[in-house]
Structure formats: C-alpha cells, structure tokens
Amino acid sequence: MHATPRPRLPRRALHGVLLLDKPLGLSSNDALQKVKRLLRAEKAGHTGTLDPLATGLLPLCFGAATKFSQLNLEADKAYVATLRLGQTTATGDREGEVLRERAICFTPEQLQAALQRLRGEIEQVPPMHSALKHEGKALYELARQGKTVEREPRRVTIHALDLLSQDGETMQLAVRCSKGTYIRTLAEDLGELLGCGAHLSALRRTHSGPLHLAQAVTLEQLEAEDDTARLSHLLPPDLLLDDCPLVRLDAENAGKLLAGIRRRTALAPSARVRAFGPEPKAFLGSARIAGGELIPERLLSPIELQTLLAGPVSLT
C-alpha cells in the first residue's frame with residue numbers, strides 16, 4: 001500500500017520583517033526561499049544580497065513589508081571582516097586561486113596609517129567577481145570565462161574602519177560603510193597599502209541601517225520550531241522605517257491618507273515619516289512632510305492593513 005501523501009498547507013498573507021542570521025554557503029535567495037517555505041508565506045523578498053561566503057544579518061520582507069525593502073538597500077551597513085594577510089587571490093576572497101604570496105612585515109603605526117587612508121570617502125573599482133552587469137552579463141560570468149573588462153571607479157564612504165584583532169596572518173576589522181561598498185576590494189586595498197597583499201577570508205554582517213544582528217534568528221532554529229514559534233520572529237513591517245519620525249493620525253485622516261489625499265499639518269518638514277492610524281498596530285505606510293502638508297508615498301492597501309491588524313494565523 002502506498003502511504004497517503006500529507007496535504008499541502010496553504011500559503012498565507014504575512015506582513016512583516018524577519019531578521020535572519022544567514023548561514024555560510026547559502027545564497028541570499030536560497031535562504032529566502034527556505035524561510036518563505038517554513039512560514040508558508042505568499043510574498044517575500046530580501047533587502048540586499050549577502051554572498052554565499054558571508055554570514056550574518058539578512059532582513060527578509062513579507063507581504064506589505066516588501067514595499068519598503070528599498071529603504072534598507074540604501075542604508076549603511078556594518079561588518080566584521082576577516083582578512084588573510086600575505087596572499088592575494090584571483091577573486092579577492094578565499095575561493096580564488098592564490099596569485100601571489102608576500103612576507104607580512106609592517107609596524108602598528110603603518111597599519112594605523114593605512115586604515116586612516118581608507119576611511120572617509122574613497123574610490124573603489126568594482127571586482128570582476130561581482131554581480132554588476134556589463135552589456136547584459138554579470139561580471140562574474142565574464143570572469144569565469146577568463147575575461148576582464150574596464151570598470152568605472154565608484155565613490156563609497158567608509159564611516160569607520162577599526163582593528164579588532166591580529167594574530168599572525170589573520171586580521172579582523174570592524175567596518176561601517178555606505179551601500180555599494182565591496183569589502184573584498186577594501187581588504188585587497190589594505191593589503192597593498194601594507195605591502196603584503198591580503199584577501200577576504202570571512203565576512204559577517206552585523207548591522208543594516210537601524211537593524212542589528214542581535215535581533216536575528218538562525219535558519220537552524222526556525223527549522224526546529226513549530227509554526228507558532230516561527231511566527232513569533234516576524235517583526236512589524238514599519239521596522240524598516242525605525243529611524244523615521246512617527247506620525248499618528250485619527251481615523252478620518254488615516255482614511256484620507258490611505259486614499260492618497262494630502263493633509264495639512266503643523267508638523268516640522270521631514271523627508272520621510274512612518275504614518276499610523278489610531279490603533280497601535282495600524283501602520284499605514286510612509287509619507288513626507290513638506291510645505292505644511294503630509295504627502296503620502298508608499299501605503300498599505302486596505303486588505304493589507306486589515307490582515308496586519310488581525311495578526312498571523314498559525315497553521316499548527
């Protein structure tokens with residue numbers, strides 16, 4: 001006799017943010033799809049790719065929260081970077097073929113001077129092993145074919161770059177930087193300034209905008225939990241606007257904002273605010289304040305708001 005297959009549980013509308021501590025070896029999309037299946041969510045996306053070799057904070061957005069994922073893409077990031085000194089590789093990380101080995105010989109003063117040169121606004125040439133497109137093809141695809149193309153330098157900002165530890169050929173750095181920064185390139189540039197070369201051997205993201213790794217859950221933990229426990233990790237969708245001022249509206253003005261109508265306000269001008277209705281969980285969306293008006297931007301639909309207020313329903 002054949003065993004009766006278990007019925008597939010239906011997908012459901014979930015609205016919120018889950019902060020995942022991405023494991024080593026998984027792409028960001030693979031991690032997203034695993035969590036989406038575990039939560040049985042209808043709609044999901046992530047806010048900025050982490051390479052398979054990187055671990056740490058990966059914010060995952062569900063339902064209405066996907067409308068605000070771009071905000072986190074634009075945000076500053078923070079990492080703990082582990083460098084292997086004395087070796088340069090073809091890819092700038094530990095997966096690439098070793099191209100050159102040099103002696104490690106620099107003083108603490110030379111290290112501090114090199115770190116200082118890389119702080120602030122700098123130019124980086126994107127690595128060939130990156131997802132940037134050239135004539136419709138990702139650079140890493142061309143690199144795998146042994147091709148190299150000219151890349152325009154990009155301006156990025158290194159807000160903080162500090163030594164955490166050094167033990168022989170291994171160095172750990174704390175990095176806080178603007179979006180679009182290539183930490184592999186930063187490792188290579190530091191290695192050249194020190195005269196010994198370097199590549200990135202490990203990378204862990206600790207912060208993304210107002211979000212931090214301490215709030216994150218591991219994939220292993222999610223897999224071990226039941227449905228109710230998994231849902232408890234889903235944070236409100238306005239988490240992505242956590243560093244924006246909060247504006248609370250009465251029922252009449254909340255309804256008009258959701259209809260896309262500008263409202264007069266005495267509030268101070270602001271490039272972005274998070275708007276709420278009268279109920280504590282009634283997140284309406286984002287707006288801006290200019291010229292004495294509250295101007296709607298990205299808003300939840302009435303059905304999204306209704307689902308959010310009702311809360312997720314467990315399938316267990």
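The structure under discussion appears in the preceding block.
Here the structure is a predicted model, which is why all the values come from computation and not from measurement.

## Let's talk about the pairing of strand S18 (residues 283-290)
Successive side chains on a regular strand alternate, one facing one side of the sheet and the next facing the other. Within S18, six of the eight residues are buried, leaving the element largely enclosed by the surrounding structure. Note that strand S17 (residues 270-276) and S18 share five bridges and pair antiparallel. Paired with Arg-274 across the two strands is Ser-286, which belongs to S18. In this structure, the hairpin formed by S17 and S18 is closed by a connection of six residues. Taken together, the five bridges between S18 and strand S19 (residues 293-299) define a ladder with antiparallel strand orientation. Of the residues in S19, the one forming a bridge with Gly-285 is Leu-299. Two successive antiparallel strands, S18 and S19, enclose a turn made up of two residues, where Gly-291 displays a positive phi of approximately 60°.

## With respect to the environment of Ser-286
Note on placement: Ser-286 falls in strand S18. The exposure class assigned to Ser-286 is buried, which follows from its relative accessible area of 3%. Placed 14 residues apart in sequence, Ser-286 and Arg-272 show a C-alpha to C-alpha distance of 6.6 Å. Excluding residues that lie within four positions of it along the chain, Ser-286 makes contacts with Phe-68, Leu-241, Arg-272, Val-273, Pro-296, Glu-297, Arg-298 and Leu-299.

## Observations concerning the pattern of salt bridges
Under the defined criterion, the tally for this structure stands at 14 salt bridges. Between Glu-74 and Lys-179 there is a salt bridge, with its nearest N and O atoms 2.9 Å apart. Here Lys-179 lies in the loop between strand S11 (170-177) and helix H5 (183-194) and Glu-74 lies in the loop between helix H2 (69-73) and strand S4 (77-85), a separation of 105 residues in the sequence. The salt bridge partner of Arg-155 is Glu-123, with a shortest N-O separation of 3.2 Å. With Arg-155 in strand S10 (residues 154-167) and Glu-123 in strand S7 (residues 120-124), the pair connects residues that are 32 residues apart, well separated along the chain. We classify Glu-123 as partly exposed; its relative accessible area is 47%. Each of Glu-121, Glu-123 and Arg-155 takes part in one network of salt bridges that share partners.

Analysis parameters
- Residues numbered from 1 in each chain as written.
- Predicted model: local features only at pLDDT ≥ 70, side-chain atom pairs only at ≥ 80, totals over all residues.
- Heavy atoms only, no water.
- Buried < 20%, exposed > 50% of the residue type's maximum accessible area, 1.4 Å probe, protein only.
- Helix = DSSP H or I, 4+ residues; strand = E, 2+ residues; numbered from the N terminus.
- Pairing = 2+ DSSP bridges.
- Contact = heavy atoms within 4.5 Å.
- Salt bridge = Lys/Arg side-chain N within 4 Å of Asp/Glu carboxyl O.

Shape descriptors only; they carry no functional weight alone.
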